[in-house]
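# Coordinate inspection notes
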Amino acid sequence: MGISAGSRFFRMAFILCQLFVLERTFAGKGNPAESPEHILKRLYQISAHGGISRPDIVRVPGRAIGAMYHPGRNEIRIEESLIDVCTRFGPDAGHALAFILAHEWSHALYRRKDLTPVFSFLESRLSMAEREHAADVQGALLAYLAGYRPERILPRLIDTLYTIYALPEAGSGEYPSPALRKESAKRAMDLISWLVHLFDAANLLALEGEYTLAEKAYRHLAGRYATPELFNNLGVL
């Protein structure tokens with residue numbers, strides 16, 4: 001059955017709207033006054049995983065844990081001192097805080113076996129250091145897709161955290177080395193570049209009326225990482 005002119009116009013208009021949304025998403029936030037609660041809300045929205053409720057943010061005193069996800073209470077605990085550390089990055093404070101929260105949110109997603117984060121390597125047999133490494137990659141990706149720029153601050157942030165919390169430079173059974181964590185960030189940025197280019201190509205295919213090819217591209221993306229924009233575009237094809 002042929003596609004009417006009205007239907008084709010609707011599809012093109014919808015895809016153009018999604019391109020506008022994507023452009024705004026990747027424009028970069030990082031407002032230094034942005035609260036942890038607001039940042040986590042955006043991370044939760046962009047992850048498109050409705051199978052788990054958004055954790056609460058609980059601010060705690062001291063300088064011992066930094067930040068951690070508490071599965072029993074479904075909350076992310078973050079020390080006030082760590083929030084202060086992020087503010088030292090000035091205009092990039094929001095990017096630093098977004099990465100930290102995205103890292104902990106990745107731990108929350110990992111505990112849901114029915115969900116499919118961007119990587120399938122989050123398995124129960126991983127060591128704690130390997131889980132931290134995996135959450136770094138996933139967290140950097142989540143932060144970027146939520147409109148933040150973790151690549152601007154990650155090397156400096158990692159060095160600062162290892163100094164403040166006196167973590168071993170060579171790594172340990174609990175934490176990877178700073179060098180490995182920086183490599184995690186690079187891997188995440190490389191993957192993001194691929195995702196963005198494939199998403200752009202799918203949108204252009206849809207605009208040209210190549211709906212079958214566009215759908216294949218969208219479904220391939222959804223198999224690696226699901227976002228509301230992907231499901232919206234799939235629904236209109």
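Read on for a plain summary of the structure. Note that the coordinates shown come from a computational prediction; the quantities given were computed from them, not determined experimentally.

Right, let's get into the pattern of salt bridges. According to the stated counting rule, one finds six salt bridges in the structure shown. Its salt-bridge partner being D136, residue R181 comes within 2.6 Å of it at the nearest N-O pair. Of the two residues, R181 is situated in helix α7 (residues 178-207) and D136 in helix α5 (residues 128-145); the sequence distance between them amounts to 45 residues. A single burial state applies to R181 and to D136, both of which are buried. Residue D159 pairs with K182 through a salt bridge whose shortest N-O separation is 3.1 Å. Residue D159 is located in helix α6 (residues 154-164), and its partner K182 is located in helix α7; the two are separated by 23 residues in the primary sequence. Since its relative accessible area comes to 30%, K182 is described here as partly exposed.

On to the packing of helix α4 (residues 93-110) against α5. To describe two helices that pack against each other, one gives the angle between their axes and the distance between the axes. Axis separation between α4 and α5 bottoms out at 7 Å; the angle between their running directions is 120 degrees. For the element pair α4 / α5, the angle class is oblique. The two elements α4 and α5 meet at a crossing, and its hand is right-handed. Each of A98, F99, A102, H103, W105, S106, H107, L109 and Y110 in α4 lies in contact with α5, whose residues at this interface are R131, E132, A135, D136, Q138, G139, A140, L142 and A143.

The subject of this paragraph is the environment of Q138. One can find Q138 in helix α5. Put simply, Q138 and R187 are 49 residues apart on the chain and 9.8 Å apart in space, counted from C-alpha to C-alpha.

Generally speaking, a soluble globular protein has its nonpolar side chains buried in company with each other. By size, the foremost hydrophobic cluster in this structure holds 54 residues, and its most contacted members are L43, I78, L82, L101, W105, L154 and L157. Once you skip the residues sitting within four places of it in the chain, L154 turns out to touch F99, A140 and A185.

A word on unusual backbone geometry. Non-glycine residue N74 carries a positive phi angle of around 50 degrees. With phi around 50 degrees, A166 is a residue other than glycine that occupies positive phi space. Residue placement: A166 occurs in the loop between α6 and α7. Classification of A166 by relative accessible area gives exposed; the value is 65%.

Among the residues examined, R181 registers a relative accessible area of 10% and is labelled buried. Contact partners of R181, with chain neighbours within four places excluded, come to H103, E132, D136, I158, Y162, Y175 and P176.

A volume near 690 Å³ is recorded for the largest pocket. Around the largest pocket, the lining comprises 25 residues; the ones closest to its centre are A67, H103, E104, E132 and Y175. Sorting the residues of the lining of the largest pocket by element identifies β2 (67-70), α4, α5 and α6 as the ones contributing at least two each. Broken down by element, the residue count for the lining of the largest pocket peaks at six residues, all from α4.

Glancing now at the sheet that holds β2. Pairing is mixed in the open sheet, where three strands are placed in the order β1-β3-β2. The open sheet has two edge strands with one neighbour each: β1 (56-60) and β2. This sheet shows a mean twist of 25 degrees between the axes of neighbouring strands, independent of strand direction. As paired elements, β1 and strand β3 (residues 75-79) share five bridges and run parallel to each other. In the sheet register, V58 faces β3, and the bridge partner there is R77.

The next thing to look at is helix α3 (residues 80-87). Turn by turn, an α-helix covers 3.6 residues, leaving residues three or four places apart pointing in a common direction. Listing the buried residues of α3 in full gives S81, L82, I83, V85 and C86. Contact partners of the buried residues in α3: α2 (36-47), β1, β2, β3, α4 and α6.

Cut-offs used in this document
- Residues numbered from 1 in each chain as written.
- Predicted model: local features only at pLDDT ≥ 70, side-chain atom pairs only at ≥ 80, totals over all residues.
- Heavy atoms only, no water.
- Salt bridge = Lys/Arg side-chain N within 4 Å of Asp/Glu carboxyl O.
- Helix = DSSP H or I, 4+ residues; strand = E, 2+ residues; numbered from the N terminus.
- Buried < 20%, exposed > 50% of the residue type's maximum accessible area, 1.4 Å probe, protein only.
- Axes fitted to C-alpha atoms, helices over the stretch in contact; angles between N-to-C directions.
- Parallel < 35°, antiparallel > 145°, perpendicular 65-115°, else oblique.
- Left-handed = near helix turned anticlockwise from the far one by under 90°.
- Contact = heavy atoms within 4.5 Å.
- Core = buried A, V, L, I, M, F, W, Y, C linked by side-chain atoms within 4.5 Å.
- 1 Å grid on protein atoms, 1.4 Å probe; cavity = no way out; pocket = protein on both sides within 12 Å on 5 of 7 lines; lining within 4 Å.
- Points joined across faces, edges and corners; volume = space filled by probe spheres on them.
- Pairing = 2+ DSSP bridges.

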